[in-house]
Amino acid sequence: MNITFIRLNMFEDISSDAMKPLLFGIIKNLTPEEHEICFLDERVEKLPEKIDSDIIAFSVETYTAKRAYILAKKYKTQKNIIVMGGFHASVMPEEMLHYADTVLIGDAEDTWEDFLSDCVKGKPARRYTSSEEHPLTFTPDILEVYRHNYYGIGVYQLSRGCKFNCDFCSIKTMYKCVRRKSVDVIYKELKAAREKIIFFVDDNLFYDKASAMELFDRITPLKKKWACQISMDAARDDEILKAMKKAGCFLVLIGFESLNAQSLKEMNKKANTSSDYNEIIKRIYRHRLLIYGTFVLGCDSDKADVFDRTFEFAVRNKIAVTNFNPLIPMPGTGVYRRMETEGRLLYKKWWLSDRYRYGETAFIPKHMSPEQLRDGCLKMRTDFYSAKCIVKRLFSNPIHFMPLNLFVFILANVVSHREILKKQGQLLGGMLNETDVD
């Protein structure tokens with residue numbers, strides 16, 4: 001069978017911040033050799049007007065759901081099969097089945113081969129659900145799958161899922177537990193990696209101290225340079241940070257989320273205590289690691305001063321890269337259920353609305369207007385990535401001038417500045433022209 005597998009973009013424009021799509025390698029490895037498969041990444045290439053394949057597959061996140069449905073309508077014929085999977089499939093399978101012939105719920109390791117086998121028999125089911133029982137195995141770096149450079153950064157994954165359960169996060173909608181590869185497997189993958197710079201896409205690389213120390217000790221001889229996401233419990237531990245640095249880590253992504261203790265409680269962000277943020281940052285800098293900080297604005301405890309306080313904190317602490325995000329009620333999360341129950345959603349399904357624009361507010365905040373939340377986050381982003389602020393943060397922290405750190409700092413800030421201006425206010429996916437989603 002001929003298969004086309006598409007990694008979607010939120011918009012039709014080409015992006016400059018696309019990371020290597022790890023899923024391509026996973027799917028290629030799971031696809032029997034008798035099938036011919038082509039991979040397209042809409043973030044970095046324009047999709048063809050017509051696709052003559054037996055199967056067209058989409059990996060769908062909530063932000064790309066509308067785009068998936070628009071393209072499904074465009075590419076659907078009487079002879080082909082449209083299949084969709086990804087995070088959004090785990091929470092909105094019935095919605096997907098209005099546009100797809102088949103939905104894969106959960107990980108591809110448990111669903112993709114069964115789906116293909118049934119397609120060969122001419123009897124694909126409407127849905128396949130992962131049991132989360134198949135092990136996460138070795139994913140080879142297949143040259144023909146990745147036709148683009150992606151800044152020469154490799155993307156790898158040790159685990160899926162998260163040990164925490166934050167109220168705003170969609171991870172738990174797909175993963176009820178944390179699934180992990182063995183250290184031997186990830187070592188084998190990194191040893192075979194062509195790239196010298198690696199990003200671990202794990203939602204939290206730190207599961208526990210013993211497994212973390214085993215990983216760092218094992219990959220140190222590979223001399224890779226890498227970045228990852230960690231939680232506050234790891235950031236409080238000097239032994240962990242020292243081992244990370246020795247193993248090649250140069251940047252950690254941390255979800256600070258809020259400076260407001262009540263907002264952290266509202267988010268169920270149990271690992272965070274805002275009172276020790278300054279000490280944690282100092283500790284990270286002592287190990288000469290860059291910080292990528294994320295923040296969520298618009299919780300019920302947030303008032304109009306939240307923007308200035310959070311911005312000042314990020315600049316004062318010389319954070320290299322940030323995301324200042326308005327709270328988004330993602331389907332399947334506690335935030336979405338609460339907003340729906342309280343009648344505070346501005347759209348029935350914001351991800352499908354032809355009125356919703358990227359960066360806008362999708363709910364009614366308690367202590368500010370939706371417009372204030374939108375404009376406050378946008379101002380923080382544009383000010384943080386202004387030339388003046390970039391230069392100020394660059395020269396205020398000596399570790400920014402370490403050779404790799406300097407390259408990453410400049411690249412990340414320039415790309416972020418460009419993408420903010422491009423994405424803000426754009427219509428997700430295009431016009432779906434559905435009447436029942438607002």
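Keep in mind the model is a prediction, meaning the values are calculated, not measured.

What counts and what doesn't
Residues numbered from 1 in each chain as written. Predicted model: local features only at pLDDT ≥ 70, side-chain atom pairs only at ≥ 80, totals over all residues. Heavy atoms only, no water. Buried < 20%, exposed > 50% of the residue type's maximum accessible area, 1.4 Å probe, protein only. Helix = DSSP H or I, 4+ residues; strand = E, 2+ residues; numbered from the N terminus. Contact = heavy atoms within 4.5 Å. Pairing = 2+ DSSP bridges. Axes fitted to C-alpha atoms, helices over the stretch in contact; angles between N-to-C directions. Patch = residues over 30% accessible without salt bridge, like charges linked within 9 Å, V, L, I, M, F, W, Y side chains within 5 Å. Areas by Shrake-Rupley, 256 points an atom, 1.4 Å probe, with all protein chains shown as cover. Salt bridge = Lys/Arg side-chain N within 4 Å of Asp/Glu carboxyl O. Core = buried A, V, L, I, M, F, W, Y, C linked by side-chain atoms within 4.5 Å. Right-handed = clockwise from strand over helix to strand, strands pointing away. Polar contact = N/O pair within 3.5 Å; in protein donor to acceptor, adjacent residues only side chain to side chain. Parallel < 35°, antiparallel > 145°, perpendicular 65-115°, else oblique. Left-handed = near helix turned anticlockwise from the far one by under 90°. Nonpolar A, V, L, I, M, F, W, Y, C, P; charged D, E, K, R; others polar. Disulfide = S-S within 2.5 Å.

Draft legend 1. Inspection of helix H1 (residues 22–30) at higher detail. Among all positions in H1, only Leu 22, Phe 24, Gly 25, Ile 26, Ile 27 and Leu 30 are buried. Buried residues belonging to H1 abut strand E1 (2–7), strand E2 (36–41), helix H5 (112–120), strand E7 (153–156) and strand E8 (159–160).

Draft legend 2. A look at the sheet that holds E2. Strands sit in the order E2-E1-E3-E4-E5-E6 across an open sheet of 6 strands; the sheet is parallel. Looking at which strands have only one partner, the edges of the open sheet turn out to be E2 and strand E6 (127–129). For this sheet the average axis-to-axis angle between neighbouring strands, irrespective of direction, equals 15°. Bridge analysis of E1 against strand E3 (residues 55–59) gives 5 bridges, and the strand direction is parallel. Paired with Ile 6 across the strands is Phe 58, a residue of E3. Lying on the sheet, H1 is in contact with E1, E2 and E3; it crosses E2 at an angle near 175°. Contacts from helix H2 (residues 65–75) reach E1, E3 and strand E4 (81–85), with the element oriented near 175° to E3.

Draft legend 3. Focus on a nonpolar patch on the surface. Side chains of Val 391, Phe 395 and Phe 401 sit close together on the surface and give an oily, nonpolar patch of about 310 Å² of accessible area. Relative to the helices and strands, Phe 395 is located in helix H16 (residues 387–395). Assessed through its relative accessible area of 60%, Phe 395 is described here as exposed.

Draft legend 4. How the structure looks around the environment of Ile 70. Here Ile 70 shows up in helix H2. Under the relative-accessibility criterion, Ile 70 is labelled buried at 18%. For the pair Ile 70 and Leu 432, spaced 362 residues apart in sequence, the C-alpha separation works out to 6.1 Å.

Draft legend 5. Quick look at the nonpolar core. One finds Phe 58, Met 84, Phe 216, Trp 226, Met 244 and Phe 256 to be the most contacted residues of the largest nonpolar core, which totals 119 residues. Counting residues per element, this core draws most heavily on H2, at 7 residues. When near neighbours in sequence (up to four residues on either side) are disregarded, Trp 226 contacts Ile 198, Phe 200, Leu 205, Phe 216, Ile 219, Met 244, Ala 247, Gly 248, Cys 249, Phe 250 and Leu 251. Listed in part, the 24 residues of the second largest apolar core include Ile 81, Phe 115, Leu 116 and Val 155.

Draft legend 6. Structural detail: the sheet that holds strand E14 (residues 321–326). The strand order across the open sheet built from 6 strands is E7-E10-E11-E12-E13-E14, with neighbouring strands paired in parallel fashion. Each edge of the open sheet carries a strand with a single partner, namely E7 and E14. Each neighbouring strand pair of the sheet contributes to a mean axis angle of 15°, computed without reference to strand direction. Across 4 bridges, strand E11 (residues 225–229) lies against strand E12 (residues 249–257) in parallel orientation. Bridging from a neighbouring strand, Gln 229 pairs with Leu 253 of E12. Sheet strands in contact with helix H15 (residues 370–384) are strand E13 (290–297) and E14, and its direction is about 170° off that of E14. Contacts from helix H17 (residues 403–423) reach strand E10 (197–200), E11, E12, E13 and E14, with the element oriented near 45° to E12.

Draft legend 7. View of the environment of Phe 313. Locating Phe 313 in the fold gives a position in helix H13 (residues 306–316). On the accessibility criterion, Phe 313 (4% relative accessible area) is buried. C-alpha separation for the pair Phe 313 and Asn 278, spaced 35 residues apart in sequence, amounts to 9.1 Å.

Draft legend 8. Region of interest: the pairing of E11. Burial of E11 is extensive: 4 of the 5 residues sit out of reach of the surface. Pairing of E10 with E11, which is carried by 3 bridges, proceeds in the parallel orientation. What sits directly across from Phe 199, in E11, is Ala 227. Handedness of the crossover is the feature at issue here: the chain leaves E10, passes through helix H8 (residues 209–219), returns alongside E11, and the resulting connection is right-handed.

Draft legend 9. Inspection of the environment of Thr 310 at higher detail. Topologically, Thr 310 is positioned in helix H13. Its relative accessible area of 4% is what places Thr 310 among the buried residues. Between the C-alpha atom of Thr 310 and that of Ile 281, which follows or precedes it by 29 residues, the distance is 15 Å. Once residues within four sequence positions are removed from consideration, Thr 310 is found in contact with Leu 259, Phe 295, Leu 297, Phe 324 and Met 380. A polar contact of 2.7 Å, which involves the side chain of Thr 310, links it to the backbone oxygen of Val 306.

Draft legend 10. Spotlight on the packing of H16 against H17. With their axes 11 Å apart at the nearest point, H16 and H17 run at an angle of 165° to one another. By the angle between their axes, H16 is roughly antiparallel relative to H17. Here H16 runs over H17; the crossing is right-handed. Between H16, through Ile 390, Arg 393 and Leu 394, and H17, the contact on the second element is made entirely by Leu 406, Phe 409 and Asn 413. Partitioning the contact of H16 with H17 into residue classes produces 4 nonpolar, 1 polar and 1 charged.

Draft legend 11. Spotlight on the state of the cysteines. Per the counting criterion, the structure on display carries 0 disulfides. Lacking any disulfide linkage, Cys 119 is separated from the closest cysteine sulfur, that of Cys 38, by 17 Å. Not engaged in a disulfide, the cysteine Cys 249 finds its nearest cysteine sulfur in Cys 228; these two sulfurs lie 4.6 Å apart.

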